[in-house]
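# Understanding the architecture of this molecule
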Amino acid sequence: MGIRSFFAKPFAKRIVKQHQRSHAQAVQIQENWLKENLKKAEKTIFGQAYEFDKIRNYLEYKIRVPIAEYEDLKTYIDEMVLGSPDILWPGKPAYFAKTSGTTSGAKYIPISNESMPFHIAGARDALLHYVHYSGNAAFLDQKLIFLSGSPELETKNGIRTGRLSGIVNHHVPGYLRGNQLPTYATNCIEDWEEKLTAIVGETIDQRMGLISGIPPWVQMYFDRLEAQSGQKIGELFPDFQLFVTGGVNFEPYRQKIMESIGRDIDVVETYPASEGFIAFQDSTGEEGLLLNVDGGIFYEFVPTETYFTATPKRLSLAEVQVGVNYALLMSTNAGLWSYSIGDTVKFVSLDPFRIVVTGRIKHFISAFGEHVIAEEVERSMAEARKAFPDVQLVEFTVAPQVNPEKGDLPHHEWLVELSGPLPDKAGFQAILEASMRAQNIYYQDLITGKVLRGLELTILAPNAFIDYMKSQGKLGGQNKVPRLSNDRTIAAGLRAFAAN
């Protein structure tokens, strides 16, 4: 047993107990964070505009402070980017996490000196919960790889700016630095394929214990390793014990990832965001991710059916229910206030508070009022794959076909990339269709009423999603294709890569 794994176990026990105490008083802790964040920000430009000093409780807070998307805060953030202090949070941000925006161009999400430690603690605590409940800490003595964006940061008016994964890279604890791969120079390579080649070269002969990253880009890494070595990943890295992932639902990728490894290994899912570290998988035996209730964030939850109404219903943690889809709002110790991060979540447990991510509030299909969400299409795909266990999914996305060829009814098109052939396309498609009808009554009614016809399955050529992302300049890093679109933009781009 190495020194890292030796000391990790008692530390893990302490951290687990700390989270258990937090969840025992989660509602009070959430109230405390709201009051503390409001108090610290009451003299900021935003705090004075919304009279933070007069807010005494959550009811008064949601009366005074409206739900905000990025566009609603953009004027304030633009001032911060120019270097103005005391706008949303006291002083200047420590960092800006730069993300891609669809309507606003690049987005700059502030990270403060107060919020940065919670980003790091969230990832650390996910690993320590695994150590505590599994008893396995040996992976900490092996090499660890974090497939991430470049850690090179630019400076905007004295504020360091870059991708969240690159920012976090600067805060990897010193006791892990000696085991971390890839090297800094390799991690700074911007071109993803060039970077991947360098990562393979640096890691192919190492003793890898933990691999972390977004599944589609980890799969590319695995494919390169297997092609170069002629071995399954589990054979090449016999000490590989833990896969850590986040950013997307892992289930659609699980089968192919495990096939590439050649054996089952443990998986820890996390829910990081530029706005804060939201949740992590605390137990491999329980559904859902443990909400990070004591991480500098006050959460609000808006039932999705009210989100786009004139009076969205806003709930605190004390008011949520199991099984309801909520849009997630965050008020953070970096100066975001009732900020909608765009995700939808559902509670699977209230003791402790565990959530699953069900999709994106603006990533849905409702061209005819069906309001299909990511959770539904992912469940349908899981059922189809269960019926066809030899079919390996690479990636998929769904879009409406509103203007089909003359004489055809509108329908949903599923654009799917598989690893290998699909022996019974009609049978696979039928399971997808039956599952969608069973889950979504609006979809079922539209089919029955002959407003829509059944879905169409389009099989894409090998590497279609990679080639599409490359064509958009979004290959690698934290980029991902939305599971659902309400228009044909992505579908039209992917159709160029349809199988013959």
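What counts, and at which threshold
Residues numbered from 1 in each chain as written. Predicted model: local features only at pLDDT ≥ 70, side-chain atom pairs only at ≥ 80, totals over all residues. Heavy atoms only, no water. Salt bridge = Lys/Arg side-chain N within 4 Å of Asp/Glu carboxyl O. Helix = DSSP H or I, 4+ residues; strand = E, 2+ residues; numbered from the N terminus. Buried < 20%, exposed > 50% of the residue type's maximum accessible area, 1.4 Å probe, protein only. Patch = residues over 30% accessible without salt bridge, like charges linked within 9 Å, V, L, I, M, F, W, Y side chains within 5 Å. Areas by Shrake-Rupley, 256 points an atom, 1.4 Å probe, with all protein chains shown as cover. Pairing = 2+ DSSP bridges. Contact = heavy atoms within 4.5 Å. Axes fitted to C-alpha atoms, helices over the stretch in contact; angles between N-to-C directions. Core = buried A, V, L, I, M, F, W, Y, C linked by side-chain atoms within 4.5 Å. 1 Å grid on protein atoms, 1.4 Å probe; cavity = no way out; pocket = protein on both sides within 12 Å on 5 of 7 lines; lining within 4 Å. Points joined across faces, edges and corners; volume = space filled by probe spheres on them. Parallel < 35°, antiparallel > 145°, perpendicular 65-115°, else oblique. Nonpolar A, V, L, I, M, F, W, Y, C, P; charged D, E, K, R; others polar. Phe/Tyr/Trp six-rings, centres within 6.5 Å; stacked < 30°, edge-to-face > 60°.

On to the pattern of salt bridges, then. Applying the stated criterion across every chain yields a total of 28 salt bridges. Residues R224 and E193 are paired through a salt bridge, measuring 3.9 Å at the closest nitrogen-oxygen approach. With a gap of 31 residues between them, R224 in helix α11 (residues 215-229) and E193 in helix α10 (residues 192-203) connect regions that are remote in the sequence. Overall, the relative accessible area of 27% leaves E193 in the partly exposed class. For K346, the salt bridge identified is with E375, shortest N-O distance 2.4 Å. Pair noted here: K346 is in strand β14 (residues 339-350) and E375 is in helix α15 (residues 374-387), with a separation of 29 residues, a long-range link. This pair shows no difference in class: K346 is buried, exactly as E375 is.

We now examine a nonpolar patch on the surface. Taken together, the side chains of I3, F6 and F7 present a nonpolar region at the surface, about 360 Å² in accessible area. By the secondary structure assignment, F7 is in helix α1 (residues 3-24).

With that out of the way, let us pick up the sheet that holds strand β10 (residues 276-280). Paired through their backbone hydrogen bonds, the strands of a sheet run either parallel or antiparallel. One open sheet accounts for 11 strands, arranged β6-β3-β7-β8-β9-β10-β11-β15-β14-β13-β12; its pairing is mixed. Pairing within the sheet leaves two strands with one partner each, and these edge strands are β6 (180-181) and β12 (297-303). With five bridges joining them, strand β13 (residues 325-332) and β14 adopt antiparallel strand pairing. Bridging from a neighbouring strand, Y326 pairs with V345 of β14. On the sheet, helix α2 (residues 26-41) packs against β12, β13 and β15 (353-360) and is oriented at approximately 110 degrees with respect to β12.

The subject of this paragraph is the side chain of Q392. Its location among the elements puts Q392 in strand β16 (residues 392-401). The exposure class of Q392 is buried, given its relative accessible area of 16%. The residues touching Q392, leaving out its near neighbours within four places in the chain, are Q255, K256, E259, L418 and S419.

This paragraph deals with the nonpolar core. Of all hydrophobic cores here, the largest spans 56 residues; its most connected members are Y271, I278, L291, F301, L317, W337 and F347. Per element, the largest residue contribution to this core is five residues, and it comes from helix α5 (residues 70-81). Apart from the residues within four sequence positions on either side, F347 is in contact with L291, F301, L317, V320, Q321, V322, G323, V324, Y326, F353, R354 and I355. With 43 residues, the next largest nonpolar core counts W192, I214, F243 and M258 among its residues.

Turning our attention to the sheet that holds strand β18 (residues 456-460). If you trace the three strands from one edge of the open sheet to the other, you get β16-β17-β18, paired in mixed fashion. Here the strands that pair on one side only, and so sit at the sheet edges, are β16 and β18. Each neighbouring strand pair of the sheet contributes to a mean axis angle of 25 degrees, computed without reference to strand direction. Looking at chain direction, β16 and strand β17 (residues 411-419) are connected through nine bridges and run antiparallel. Opposite E395, over in β17, you have E417 as the bridge partner. Contacting β16 and β17, α15 crosses the sheet at an angle of about 135 degrees to β16. In the packing of helix α16 (residues 425-439) onto the sheet, contacts are made with β17 and β18, and the angle to β18 comes to roughly 130 degrees.

Throughout the structure, instances matching the rule amount to two cavities of 30 Å³ or more. Of the volumes computed, that of the largest cavity is approximately 50 Å³. Taken together, S115, F118, H119, E275, G276, F277, G295, I297, T332 and N333 make up the lining of the largest cavity. Mapped by element, the contributors of at least two residues to the lining of the largest cavity are α6 (116-134) and β10. Here the second largest cavity is characterised by a volume of approximately 40 Å³.

Once that is clear, we can look at the packing of α1 against α6. Relative to each other, α1 and α6 sit at 110 degrees, their axes nearing to 8 Å. In terms of axis orientation, α1 runs roughly perpendicular to α6. Where α1 abuts α6, its residues A8, K9, F11, A12, K13, I15, V16, H19 and Q20 lie against R124, D125, L128, H129, V131, H132 and Y133. Among the residues making up the contact of α1 with α6, the classes are represented as eight nonpolar, four polar and four charged.

Another aspect to go through is the packing of aromatic side chains. The full count for this structure, using the stated rule, is 23 aromatic pairs. Ring centres 6.5 Å apart and planes at 90 degrees place the aromatic pair Y61 and F298 in the edge-to-face group. A residue pair is termed long-range when its members are at least 10 positions apart, and Y61 in helix α4 (residues 58-64) and F298 in strand β12 qualify at 237 residues. The class of Y61 is buried, set by a relative accessible area of 0%.

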